[in-house]
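Analysis of the macromolecular model
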Amino acid sequence: MLLRNKVGVILGVANAHSIAWGCALHTHKEGAELILSYLNDKIRPRVAPLAESISADFMELDVTDDESFKVFFKFIKKKYGKIDFLIHSIAFANKEYLRGKYVNTSREGFSLALNISTFSLVEAAKYAPDIMSDGGSIIAMTYMGSEKVVGSYNVMGVAKAALEASVRYLAKDLGEHNIRVNAISAGPINTLAARGIGGFSKVLDIVKEKAPLKRNISIDEVGKTACFLASDYASGITGEVLHVDAGFNIIGV
Ligand code: NAP
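Residues numbered from 1 in each chain as written. Predicted model: local features only at pLDDT ≥ 70, side-chain atom pairs only at ≥ 80, totals over all residues. Heavy atoms only, no water.

Around the ligand, 29 residues are found, and the nearest of them are Ser18, Ile19, Lys160, Ile189 and Thr191. The contact in question runs from an oxygen atom of the ligand to an N or O atom on the side chain of Ser18, over 2.6 Å. One of the backbone nitrogen or oxygen atoms of Ile19 is found 2.8 Å away from an oxygen atom of the ligand. Coverage of the ligand by the protein chains reaches 91% of its 880 Å² of free accessible surface. The pocket occupied by the ligand, as judged from atoms lying within 2 Å of grid points, is the largest pocket. Residue assignment for the shell around the ligand shows that the elements contributing at least two residues are strand 5 (136-142) and helix 7 (192-195). Here the shell around the ligand gets 3 residues from one element, more than from any other, and that element is helix 7. The residue inventory of the shell around the ligand, partitioned by class, reads 20 nonpolar, 7 polar and 2 charged. (Near = heavy atom within 4 Å. Polar contact = N/O pair within 3.5 Å; in protein donor to acceptor, adjacent residues only side chain to side chain. Areas by Shrake-Rupley, 256 points an atom, 1.4 Å probe, with all protein chains shown as cover. 1 Å grid on protein atoms, 1.4 Å probe; cavity = no way out; pocket = protein on both sides within 12 Å on 5 of 7 lines; lining within 4 Å. Sits in = over half its atoms within 2 Å of the grid points. Helix = DSSP H or I, 4+ residues; strand = E, 2+ residues; numbered from the N terminus. Nonpolar A, V, L, I, M, F, W, Y, C, P; charged D, E, K, R; others polar.)

Here's what the structure looks like:
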């Protein structure tokens with residue numbers, strides 16, 4: 001088992017379709033002990049049965065709240081002493097900005113999207129040197145809309161570009177603590193968050209037609225890649241964005 005004796009934190013399980021859940025299932029299968037986060041009391045009943053099904057701990061974390069971060073990592077430090085990996089699988093933008101033109105994004109809509117989807121990785125990384133005292137691996141989820149224009153992705157594309165740049169800067173900062181920081185650029189997957197993006201089902205059809213593998217990818221495939229990046233097999237990899245997208249990103253004309 002790749003992750004035997006390792007403890008991991010996974011942020012962003014909303015339901016059994018979440019990419020974070022694919023990561024939870026596979027890291028658990030590989031022997032990791034897990035702590036999952038949920039946003040608030042309203043969401044707790046959705047996450048609790050999933051966590052219990054893999055004997056994972058679960059705890060509230062609202063990534064827009066510094067105090068919530070403090071309490072979350074204090075609890076983990078007290079109970080587990082240290083962790084070995086952290087998977088960040090969180091993003092949010094108001095639906096009105098995930099359709100139409102990017103140029104119409106408001107200051108408030110821009111700030112909210114980048115606060116939740118990007119800055120939350122930076123804030124989590126601040127705790128890493130303390131909580132990953134034996135080194136570790138941080139993994140974030142991104143999408144190709146950061147590199148190329150994808151219709152309706154708009155402010156989330158900009159948030160993902162900032163997330164990928166953050167991965168590189170954090171990799172540089174945390175390398176001296178033997179903490180690696182990487183991102184998985186997943187192909188489109190039908191999740192709660194994705195359904196908020198205008199014309200999303202069309203994107204799934206286009207990938208199926210044009211990707212070298214002639215299909216879309218699954219949360220299992222992202223979960224398996226997360227296991228690799230969390231494991232010692234990826235010990236020499238940091239600051240990288242790894243595409244798990246059936247090869248779609250390599251296709252030009
Ligand atoms: P998802 O299941 O809806 O997960 C998104 C998660 O973000 C949810 O658990 C949501 O919690 C959480 N979240 C939002 N605001 C939060 C806050 N203030 N504090 C804490 N948590 C918050 O959708 P997903 O597709 O798996 O998304 C996971 C990640 O993968 C995101 O970074 C997304 O951009 C990325 N990604 C997705 C795709 C795709 O096509 N699906 C492709 C590439 C990358 P609640 O639901 O409880 O609000």
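Let's pick the thread back up.
So, on to the sheet that holds strand 3 (residues 57-60). Strand order in this open sheet of 7 strands is 3-2-1-4-5-6-7, and the pairing throughout is parallel. The two strands at the open ends of the sheet, each matched to only one other strand, are strand 3 and strand 7 (241-244). Strand-to-strand twist across the sheet, computed as the mean angle between neighbouring axes with direction ignored, equals 20 degrees. One ladder, built from 4 bridges, connects strand 4 (residues 85-88) with strand 5; its direction is parallel. The residue of strand 5 that forms the bridge with Phe85 is Ser137. Contacts from helix 6 (residues 154-174) reach strand 4, strand 5, strand 6 (179-186) and strand 7, with the element oriented near 170 degrees to strand 5. (Pairing = 2+ DSSP bridges. Axes fitted to C-alpha atoms, helices over the stretch in contact; angles between N-to-C directions. Contact = heavy atoms within 4.5 Å.)

So, about a nonpolar patch on the surface. Where nonpolar side chains cluster on the molecular surface, the patch consists of Leu2, Phe228, Tyr233 and Leu242 and spans about 370 Å² of accessible area. Tracing the backbone shows Leu242 in strand 7. The exposure class assigned to Leu242 is partly exposed, which follows from its relative accessible area of 32%. (Patch = residues over 30% accessible without salt bridge, like charges linked within 9 Å, V, L, I, M, F, W, Y side chains within 5 Å. Salt bridge = Lys/Arg side-chain N within 4 Å of Asp/Glu carboxyl O. Buried < 20%, exposed > 50% of the residue type's maximum accessible area, 1.4 Å probe, protein only.)

All right, on to the layout of surface pockets then. Volume-wise, the largest pocket comes out at about 1,300 Å³. What lines the largest pocket is a set of 45 residues, and nearest its centre among them are Ser89, Ile90, Ala91, Phe92 and Ala193. At the level of elements, strand 2 (33-38), helix 4 (107-126), strand 5, helix 6, helix 7 and helix 8 (200-210) are the ones that each hand at least two residues to the lining of the largest pocket. Broken down by element, the residue count for the lining of the largest pocket peaks at 4 residues, all from helix 7. (Points joined across faces, edges and corners; volume = space filled by probe spheres on them.)

In this structure, Ile10, Leu34, Leu36 and Val222 are the most contacted members of the largest nonpolar core, which totals 57 residues. At 6 residues, helix 9 (residues 219-230) tops the list of elements feeding residues into this core. Not counting chain neighbours up to four residues away, the residues in contact with Ile10 comprise Ala20, Cys23, Ala24, Thr27, Leu34, Ile35, Leu36, Ser37 and Ile87. Counting residues in each nonpolar core, the second largest holds 33 residues, with Phe72, Ile76, Ile83 and Leu121 among its members. (Core = buried A, V, L, I, M, F, W, Y, C linked by side-chain atoms within 4.5 Å.)

Just geometry here; none of it tells us what the structure is for.
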